[in-house]
Amino acid sequence: GEDVEQSLFLSVREGDSSVINCTYTDSSSTYLYWYKQEPGAGLQLLTYIFSNMDMKQDQRLTVLLNKKDKHLSLRIADTQTGDSAIYFCAEKKGFQKLVFGTGTRLLVSP
Amino acid sequence: DAGVIQSPRHEVTEMGQEVTLRCKPISGHDYLFWYRQTMMRGLELLIYFNNNVPIDDSGMPEDRFSAKMPNASFSTLKIQPSEPRDSAVYFCAIKDSGANVLTFGAGSRLTVL
């Protein structure tokens, strides 16, 4: 497809794990990213993974990359109410351009 | 957000008015990007600069939109005349040549009535 695709909405309870999925477009993309956007704020980089890796873990965050299926996921362990935000995946196309998905709104309830 | 200052944070204007959005990286960077965020289309890349020179403006919607970068620490995005469909949040982002990540400003929310 032409677009980076994400599900629009995810709701979890505090303490559960959250998994946000993304399908990107270009198998030659070198870097894949996860950004977080809190209300009224810009995008903040959470983590990124180089295309020759399958997995990257950073504290409560785990990124899985399936290049064959062009599928990227972000797992947040022990999700907290402060994790409520919009999460964007992005792929690096060419030398400089980042193309973003539509974002997944994560709602964490107590 | 501290690396990029955008102004105004919020702007409400009437259709037909000129709008100028500003971006000031705290320090000069090799690349500067303008993105637009809407509910319908998500984040779209409008234009980006390298060393103050526009490299790719294929995302600029139409001639009503223009962007300039007179120096490494300042860029503007202008819409003239503005239309209600231009209502969106406009983000500026920066990166250095050797870096693989973008640093975003807090955005300018534009409402055109």
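Residues numbered from 1 in each chain as written. Chains lettered and ligands numbered in written order. Predicted model: local features only at pLDDT ≥ 70, side-chain atom pairs only at ≥ 80, totals over all residues. Heavy atoms only, no water.

## Concerning the overall build of chain B
Alright, step 1. Looking only at helices and strands, chain B features zero helices and eleven strands.
Alright, step 2. Shown N-terminal to C-terminal, the secondary structure of chain B runs as helices and strands in the order β-β-β-β-β-β-β-β-β-β-β.
Alright, step 3. What you see for chain B is a C-alpha radius of gyration of 13 Å, in line with the 13 Å of a compact globule of 113 residues.
Alright, step 4. Expressed along its principal axes, the backbone C-alpha trace of chain B runs to roughly 40 × 25 × 25 Å.
Alright, step 5. Per-residue burial over chain B gives 49% buried out of 113 residues.
Alright, step 6. Roughly 5400 Å² of accessible area belongs to chain B as shown, and the carbon and sulfur atoms make up 50% of that amount.
Alright, step 7. Of the side-chain charges in chain B, 11 are positive and 13 negative, and the distance between the mean point of each set is 3 Å. (Helix = DSSP H or I, 4+ residues; strand = E, 2+ residues; numbered from the N terminus. Rg over C-alpha atoms; globule rule 2.2 N^0.38 Å. Buried < 20%, exposed > 50% of the residue type's maximum accessible area, 1.4 Å probe, protein only. Areas by Shrake-Rupley, 256 points an atom, 1.4 Å probe, with all protein chains shown as cover. Lys, Arg positive; Asp, Glu negative; His and termini not counted. Charge placed at Lys NZ, Arg CZ, Asp CG, Glu CD.)

## Re the overall build of chain A
Alright, step 1. Of regular secondary structure, chain A possesses zero helices and eleven strands.
Alright, step 2. In sequence order, chain A lays out its α and β elements as β-β-β-β-β-β-β-β-β-β-β.
Alright, step 3. Computed over its C-alpha atoms, the radius of gyration of chain A comes to 13 Å, within 12% of the 13 Å expected for a compact globule of 110 residues.
Alright, step 4. The buried share of chain A, reckoned over its 110 residues, is 43%.
Alright, step 5. In chain A, the proportion of contacts linking residues at least 24 apart, taken out of those at least 6 apart, comes to 55%.
Alright, step 6. Entry remark: accessible area of chain A is about 5600 Å², with carbon and sulfur atoms responsible for 49%.
Alright, step 7. Mean positive and mean negative side-chain charge positions of chain A (12 and 13 charges, respectively) differ by 3 Å. (Contact = heavy atoms within 4.5 Å.)

## Notes on the interface of chain B and chain A
Alright, step 1. Contacts between chain B and chain A engage 19 residues on the former and 16 residues on the latter.
Alright, step 2. Of the roughly 1600 Å² buried between chain B and chain A, counting both surfaces, carbon and sulfur atoms make up 53%.
Alright, step 3. At the junction of chain B and chain A, the tally comes to one salt bridge.
Alright, step 4. Our count for the chain B to chain A interface comes out at eight residue pairs in polar contact (both at pLDDT 80 or more).
Alright, step 5. Those elements that place two or more of their residues in the side of chain B that touches chain A are strand 4 (31-38), strand 5 (42-50) and strand 9 (88-95) of chain B.
Alright, step 6. The leading source of residues in the side of chain B that touches chain A is strand 4 of chain B, at four residues.
Alright, step 7. Grouping the amino acids of the side of chain B that touches chain A by side-chain chemistry returns twelve nonpolar, three polar and four charged. (Buried area = accessible area lost by both parts, 1.4 Å probe. Salt bridge = Lys/Arg side-chain N within 4 Å of Asp/Glu carboxyl O. Polar contact = N/O pair within 3.5 Å; in protein donor to acceptor, adjacent residues only side chain to side chain. Nonpolar A, V, L, I, M, F, W, Y, C, P; charged D, E, K, R; others polar.)

## Describing the pattern of salt bridges
Residue and element names in this part refer to chain B.
Alright, step 1. Enumeration over the complete set of coordinates arrives at twelve salt bridges over all chains.
Alright, step 2. Close ionic contact of Lys78 with Glu18 constitutes a salt bridge, the shortest N to O distance being 3.9 Å. Placement of Lys78 in strand 8 (residues 74-79) and of Glu18 in the loop between strand 2 (10-13) and strand 3 (19-25) is noted, with a sequence separation of 60 residues between them.
Alright, step 3. Across the salt bridge formed by Glu83 and Arg64, the nearest N and O atoms sit 3.5 Å from each other. Of this pair, Glu83 sits in the loop between strand 8 and strand 9 while Arg64 sits in the loop between strand 6 (53-56) and strand 7 (65-71); the two residues are 19 residues apart in sequence, bridging distant segments of the chain.
Alright, step 4. One network of salt bridges, with partners in common, ties together Glu62, Arg64, Glu83, Arg85 and Asp86.

## As for the sheet that holds strand 1 (residues 5-6) of chain A
Alright, step 1. Here five strands make up an open sheet; going across it, the order is 1-3-8-7-6 (chain A) and the pairing antiparallel. Of all the strands in the sheet, the pair left with one neighbour each is strand 1 and strand 6 (55-58) of chain A. (Pairing = 2+ DSSP bridges.)

## Comments concerning the packing of aromatic side chains
Alright, step 1. Throughout the structure, instances matching the rule amount to 16 aromatic pairs over all chains.
Alright, step 2. It is Lys56(A) that lies over the ring of Tyr48(A); its NZ or CZ is 4.7 Å from the centre. (Phe/Tyr/Trp six-rings, centres within 6.5 Å; stacked < 30°, edge-to-face > 60°. Lys NZ or Arg CZ within 6 Å of the ring centre and 35° of its normal.)

## Side note on the pairing of strand 1 (residues 4-7) of chain B
All names here are of chain B.
Alright, step 1. Where burial is concerned, the two faces of strand 1 differ: the one with Val4 and Gln6 is buried and the one with Ile5 and Ser7 is not.
Alright, step 2. For strand 1 and strand 3, the ladder comprises four bridges, and the chain directions are antiparallel. Counterpart to Ile5 in the pairing with strand 3 is Lys24.

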